[in-house]
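If you want the building blocks of each chain, they are given just below.
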Amino acid sequence: MRKLLSIIGVRPQFVKAAMVCAAVERFNRQMPEHEYIQHVLLNTGQHYDFEMADVFFQQLPLPVPDFNLDVGSGTHGAQTATMLEKIERILLLHRPDCAVVYGDTNSTMAAALAAAKVHVPVAHVESGLRSFNRQMPEEINRIVADHVSTILFCPTQAAVQQLQSEGITENVYFTGDVMLDAVFTFSPLAAISSNALPTLGVESKQYILTTIHRAENTDSPHRLQQLVETLCRLERPIVFSMHPRLRTKLEHQTEYRELREKLARAPHLKITAPLSYLDMLHLEANARLVMTDSGGVQKETFFAGTPCLTLRDETEWTETLEGGWNRIVGTSPQVILPLVESLWSGNGATPASKPELSAFGNGRAADNILEILQRTEHA
């Protein structure tokens, strides 16, 4: 294997690909030049705001992409179709030995399909995850990607077992989670370089960190109304990192106008644009608790040993539920408010011991992935 093409497009994929990029650099430093791995980076542009994309290329060991498709936002069909056409063109022109896809986004599915159709082997980083909720676009994306992939890299043993239950047993590997690699690598840097706490006017362990971005919450007026009511009634300092999709809905859709006004009137809410990766790591580690519908934030919070309430009805990351560090709470204020108060006050709700991280590997997932790619006959 001499040429890898990594296809990325959104925040979590930038983090995961950065770890693989770093592993390639480590490998090449140990090898003669004629045995170097060429690692080509393609950014679909699914996330295109500075806070959602460009800042990651500044903070992480992620080179400037060789290709940027500038796809931007759009309906699932339009976005995926544009990606398929453009990714296929690059695959045919450059013929990599392997296309590496990450996670569960439209970029993931489009890249996996495009590569499979032109007979370029596909390696899926973060295979085998299932929420068992096919109303989620992410669930469809991850199922399709897994079933067209040649090599499947699983972050946990539960993911390996899930693939086995679906009849996928060849070239399936437990590597650990590249996001744990990233947390181990960058948390110390975040602790000394981030100014997020003084900038936002909050103190360590004296605020709640919140993110809401999934379609099941932002596209449902009822669920979003419940979440806004919850945030407004909490009356604890809350840092609310607002996704551009949600901000746009609140600003431009008339049915959400009242929710926007409620949020604006809540003095304890500190609403901010999406935060950089280092600032987010620092805020997750220093929060009293985290409320999120993000899979990546669930994991990072678990790795940091911060209690998390997941604002969904299920999670792909069932390992984070161990020991009570993560709890699935949905969107009902009647469920969430008492739990927040219990966690805030420490009345028996805070887990007694630190989370066990071994289910996610040992922080060497990217090196494991590269080693497997080097010796796998299909790559």
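Caption draft 1: Structural view of the packing of helix α7 (residues 178-193) against helix α14 (residues 295-304). Relative orientation of the contacting elements α7 and α14 amounts to 50°, with a least axis distance of 10 Å. Between α7 and α14, the angle is such that the two are oblique. Crossing of α7 against α14: the hand is right-handed. Residues M179, L180 and V183 of α7 pack against G296, K299, E300 and F303 of α14. Class assignment for the residues of the contact of α7 with α14 results in four nonpolar, one polar and two charged.

Caption draft 2: Summary view of the sheet that holds strand β10 (residues 269-272). Spatially, six strands are ordered β10-β9-β8-β11-β12-β13 in an open sheet, and the strand pairing comes out parallel. Of all the strands in the sheet, the pair left with one neighbour each is β10 and β13 (326-328). The mean angle between the axes of side-by-side strands here comes to 20°, regardless of whether they run parallel or antiparallel. As paired strands, strand β8 (residues 208-212) and strand β9 (residues 238-242) are joined by five bridges and run parallel to one another. Bridge pairing in β9 links T211 to S241. Relative to the sheet, helix α10 (residues 221-234) contacts β8, β9, β10 and β11 (289-292), its axis offset from that of β8 by approximately 165°. Where α14 meets the sheet, it contacts β8, β11, β12 (308-310) and β13, and its direction lies at approximately 165° from that of β11.

Caption draft 3: Highlighting the packing of aromatic side chains. Per the stated rule, a full pass over the model turns up six aromatic pairs. An angle of 55° between the planes, with centres 5.9 Å apart, marks the rings of F302 and F360 as tilted. Note that F302 is positioned in helix α14 and F360 in the loop between α15 (333-345) and α16 (365-375), a separation of 58 residues in sequence. An angle of 40° between the planes, with centres 6.0 Å apart, marks the rings of W317 and F360 as tilted. You can see W317 sitting in the loop between β12 and β13 and its partner F360 sitting in the loop between α15 and α16, a full 43 residues away along the chain. Clustering of aromatic rings is evident, with ring pairs tying together F302, F303, W317 and F360. Positioned above the aromatic ring of W344, the side-chain terminus of R288 is 4.5 Å from the ring centre.

Caption draft 4: View of α10. With 14 residues, α10 should reach 20 Å at 1.5 Å per residue; the first-to-last C-alpha distance of 20 Å fits that figure. Buried within α10 we find R223, L224, Q226, L227, V228, T230, L231, C232 and L234.

Cut-offs and rules
- Residues numbered from 1 in each chain as written.
- Predicted model: local features only at pLDDT ≥ 70, side-chain atom pairs only at ≥ 80, totals over all residues.
- Heavy atoms only, no water.
- Axes fitted to C-alpha atoms, helices over the stretch in contact; angles between N-to-C directions.
- Helix = DSSP H or I, 4+ residues; strand = E, 2+ residues; numbered from the N terminus.
- Parallel < 35°, antiparallel > 145°, perpendicular 65-115°, else oblique.
- Left-handed = near helix turned anticlockwise from the far one by under 90°.
- Contact = heavy atoms within 4.5 Å.
- Nonpolar A, V, L, I, M, F, W, Y, C, P; charged D, E, K, R; others polar.
- Pairing = 2+ DSSP bridges.
- Phe/Tyr/Trp six-rings, centres within 6.5 Å; stacked < 30°, edge-to-face > 60°.
- Lys NZ or Arg CZ within 6 Å of the ring centre and 35° of its normal.
- Expected span 1.5 Å × (residues − 1).
- Buried < 20%, exposed > 50% of the residue type's maximum accessible area, 1.4 Å probe, protein only.

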